[in-house]
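# Analysis of the macromolecular model
The primary structure of each chain is shown beneath.
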Amino acid sequence: MVDSHLDTDAARRLEVVRLGHPTLRRVADAVPEQDFGSGRLVELGRDLVRTMFDEEGVGLAAPQVAEGLRLFAYWVPESDDQPAVEPTVLVNPEIRPVGEARVDGWEGCLSIPELRGIVPRFERLKVKAQTVEGEPVSFTADGFHARVIQHEYDHLDGIVFLDRMTSMESLAFEHEWQDFVLGNPTDGP
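The paragraphs below set out a description of the structure included in this document. (Residues numbered from 1 in each chain as written. Predicted model: local features only at pLDDT ≥ 70, side-chain atom pairs only at ≥ 80, totals over all residues. Heavy atoms only, no water.)

Turning our eyes to something else, we now look at helix α1 (residues 39-54). With 16 residues, α1 should reach 22 Å at 1.5 Å per residue; the first-to-last C-alpha distance of 22 Å fits that figure. At its buried positions, α1 is contacted by β1 (59-61), β2 (71-76) and β3 (85-97). One or two positions beyond α1, positive phi appears at Glu 56, with a value near 60°. (Helix = DSSP H or I, 4+ residues; strand = E, 2+ residues; numbered from the N terminus. Expected span 1.5 Å × (residues − 1). Contact = heavy atoms within 4.5 Å.)

Further remarks concern the sheet that holds strand β6 (residues 124-130). With antiparallel pairing, five strands are arranged side by side in an open sheet as β1-β2-β3-β6-β7. Each end of this open sheet is capped by a strand with a single partner; those strands are β1 and β7 (136-142). Neighbouring strand axes in the sheet, compared pairwise and without regard to direction, differ in orientation by 40° on average. Pairing geometry for β2 and β3, over five bridges, is antiparallel. Bridged to Ala 73 within β3 is Val 89. (Pairing = 2+ DSSP bridges. Axes fitted to C-alpha atoms, helices over the stretch in contact; angles between N-to-C directions.)

Turning next to the pattern of salt bridges. A full pass over the atoms with the stated rule returns 13 salt bridges. A salt bridge links Arg 121 to Glu 107; the shortest N-O distance between them is 2.8 Å. Here Arg 121 is found in strand β5 (residues 112-122), whereas its partner Glu 107 is found in strand β4 (residues 102-109), with 14 residues between them in sequence. Glu 107 carries the same exposure label as Arg 121, and that label is buried. Across the salt bridge formed by Asp 154 and Arg 164, the nearest N and O atoms sit 2.9 Å from each other. Separated by ten residues along the polypeptide, Asp 154 in helix α2 (residues 143-156) and Arg 164 in helix α3 (residues 161-164) bring together distant segments of the chain. (Salt bridge = Lys/Arg side-chain N within 4 Å of Asp/Glu carboxyl O. Buried < 20%, exposed > 50% of the residue type's maximum accessible area, 1.4 Å probe, protein only.)

All right, on to the side chain of Asp 154 then. Assessed through its relative accessible area of 6%, Asp 154 is described here as buried. Side-chain polar atoms of Asp 154 contact the side chain of Arg 164, separated by 2.9 Å. Once residues lying within four places of it in the same chain are set aside, the contact partners of Asp 154 are Arg 121, Ile 159 and Arg 164. (Polar contact = N/O pair within 3.5 Å; in protein donor to acceptor, adjacent residues only side chain to side chain.)

In structure tokens, the structure reads:
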């Protein structure tokens, strides 16, 4: 599923816009068929991946860099529960839950820095999309992989993780989340 056009050596780091920027609350436009394989779309995919890594995120949607298009980059680090998913860019994705099972989990967002909260997400998804070259992809995503895709997909519809929280009681600043929720005290104030 890794797109060979995602070599980030020549990629640019983009500015990640923050909550309040109007692009984050708009429904993004579908990428037109004639744009697949174009230098602009390939570059945007590369730039999203580069920026995502530079910002230490696991996902980044085009609206988060003020581009109102339906595409996002993501990756999933290897864990005990899940194999790694290499950096991937999905264009014009469609998602469908498999079953009704939902799981609560902690989320943060590069456009809402330093905050974390508990968000319910579907545990399993069917995903259909295209690569930046226009090649069709389809797969099933589970667990954290499904969570990341749902989070980024929401950005394409003008939704942020705060909108999905069922209670604001879990909302925490990153530093306090590290100290008190994870039990990993950090240095500093």
